[in-house]
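Architecture at a glance
If you want the building blocks of each chain, they are given just below.
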Amino acid sequence: MTQALPDSFVRPAIISDVPFLGDMHATTMKATLAAALGHDLPAEVSAQLTGEALAKGWSDSISAPPSPAYRTLTAVEGAAIVGFAAIAPADQAMIGDAEDNPGTIEILALEVPRNNGRKGHGSRLLAAIAEFAEQDKAEEMQVWIMVGDEAKTRFFQGAGFAPRGIQRNLDLGTGTVTEQCWYTVLDPAE
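Not measured: the values here are computed from a predicted model. For every chain, the first residue of the written sequence is number 1, and numbering continues from 1 onward in sequence order. In view of the model being predicted, local features appear only for residues whose pLDDT reaches at least 70, and side-chain atom pairs are presented and counted only at 80 or more, with totals across whole chains, interfaces and linings using the full set of residues. Just so you know, side-chain values use all the structure's heavy atoms and leave hydrogens and water out.

**With respect to the overall build of the protein**
Numbering of helices and strands runs from the N terminus, with a helix taken as a DSSP run of H or I at least four residues long and a strand as a DSSP run of E at least two residues long. Counting secondary structure elements, the protein contains six helices and seven strands. Here the protein holds 190 residues, and the buried ones make up 42% of them. A separation of at least 24 residues holds for 64% of the contacts in the protein among residues at least 6 apart in sequence. All accessible-area figures derive from a Shrake-Rupley calculation using a 1.4 Å probe, and residue coverage is judged against the displayed protein chains alone. Of the roughly 10,200 Å² that the protein leaves accessible, carbon and sulfur atoms contribute 54%. When accessible area is computed with a 1.4 Å probe and restricted to protein chains, residues below 20% of their type maximum are described as buried, those above 50% as exposed, and intermediate ones as partly exposed. We call two residues in contact when some of their heavy atoms are within 4.5 Å.

Pasting the structure below:
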C-alpha cells in the first residue's frame, strides 16, 4: 500500500510545465518502446525522441486544447513535477458509433518515470482522470498499452482495466511494436 505524501497532488497542467512534460515524456517513451521491442532503441529512433521535440505537442495541448474534454494533468510532489496524464474523447472509429457508445474517455498518456514510481502518483493521476470522466458523463475509460510494457499492464490491470480485443501495430522503421487497447466500464453509482 502506498502512503500519500502530504505535499503530493494532481493539478491541471500549466504552460510552465511544458519543458518538464517534454523531458519526462521522452524518458518514459524511450523506456516503453525499448520494453516493447525487447532491446535498446536504435540510435536513430532514440535521437528523434527528445524532450524539446515532444514539448511542442504538450504546449499546444495545454494552451489550445481542441475542446474542454481534452485535458492535461500534472502530478506534483513538493515543488517537483513527478508525472503527468492527458485525456481526450476516444476515437469512435475504434470503438463503434457514438450511438452505440455514449462516452469513452481515452487516456492518451499517464506517465510517471521509474524514479518517481511506487509513491501513488500514477494512482492519483488515474483518480483525477476518473473524476473528469464522471464529470463528462463517460461510461468507459480506455488506454493503449504497448505489448511488453509489463509495469503499465500491471498498473492498469490492477485498476480494473481489461483488454478490449483491439490492437494496432506501430512501425518504428527498425522494428514494429504492438499496442493493445485496455478499457474499464465506469460505475454510474460512484
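**Quick word on the pattern of salt bridges**
Salt bridge, as applied in this entry: a Lys or Arg side-chain nitrogen positioned within 4 Å of an Asp or Glu carboxyl oxygen. Scanning all chains against the criterion turns up six salt bridges. Lys 152 is the partner of Glu 111 in a salt bridge, and the nearest nitrogen-oxygen pair spans 2.8 Å. On the criterion of sequence distance, the pair formed by Glu 111 in strand 4 (residues 104-111) and Lys 152 in helix 6 (residues 150-158) is long-range, its members being 41 residues apart. Given the relative accessible area of 11%, Glu 111 is considered buried. Among the residues examined, Lys 152 registers a relative accessible area of 17% and is labelled buried. Across the pair Glu 140 and Arg 164 runs a salt bridge whose closest N-O atoms are separated by 2.6 Å. In this pair, Glu 140 is assigned in strand 5 (residues 140-146) and Arg 164 in strand 6 (residues 162-171), connecting sequence segments 24 residues apart.

**Examining unusual backbone geometry**
The phi angle at Lys 137 is positive, at roughly 60°, despite the residue not being glycine. Locating Lys 137 in the fold gives a position in the loop between helix 5 (121-135) and strand 5.

**With respect to the confidence of the model for the protein**
The predictor rates its confidence in each residue with pLDDT, a number between 0 and 100. When pLDDT is averaged across the protein, the result is 86; 87% of the residues are at 70 or more. Mean pLDDT in the protein bottoms out at helix 4 (residues 92-95), which sits at 52, and peaks at strand 5, which reaches 95. Taken as a whole, residues 97-101 scores under 50 in pLDDT and shows five contacts with residues more than four places along the chain or in a different chain.

**Focus: the sheet that holds strand 1 (residues 8-12)**
If DSSP finds at least two bridges between two strands, the strands pair. Taking strand neighbours across the sheet as the criterion, the seven strands line up as 1-2-3-4-5-7-6 in an open arrangement whose pairing is mixed. Each edge of the open sheet carries a strand with a single partner, namely strand 1 and strand 6. For this sheet the average axis-to-axis angle between neighbouring strands, irrespective of direction, equals 25°. Where strand 4 meets strand 5, four bridges bridge the pair, whose relative direction is parallel. Throughout, an axis means a line fitted to C-alpha atoms (over the contacting stretch in the case of helices), and angles, computed between N-to-C directions, take values from 0 to 180 degrees.

**A short note on the packing of helix 1 (residues 18-37) against helix 3 (residues 51-63)**
Remark: helix 1 packs on helix 3, axes separated minimally by 7 Å, with the N-to-C direction vectors making an angle of 125°. Taken together, the axes of helix 1 and helix 3 lie oblique to each other. Helix 3 is crossed by helix 1, and the crossing has right-handed handedness. Residues Val 18, Leu 21, Gly 22, Asp 23, His 25 and Ala 26 of helix 1 pack against Gly 51, Glu 52, Leu 54, Ala 55, Trp 58, Ser 59 and Ile 62 of helix 3. Taken together, the residues that form the contact of helix 1 with helix 3 break down as seven nonpolar, four polar and two charged. Orientation labels follow simple angle bins: below 35 degrees gives roughly parallel, above 145 gives roughly antiparallel, 65 to 115 gives roughly perpendicular, and whatever is left gives oblique. Crossing chirality is assigned from the near helix's rotation relative to the far helix, an anticlockwise turn below a right angle marking it left-handed and a clockwise turn marking it right-handed. All residues other than Ala, Val, Leu, Ile, Met, Phe, Trp, Tyr, Cys, Pro, Asp, Glu, Lys and Arg, Gly among them, are scored as polar; the first ten of these are nonpolar and the last four charged.

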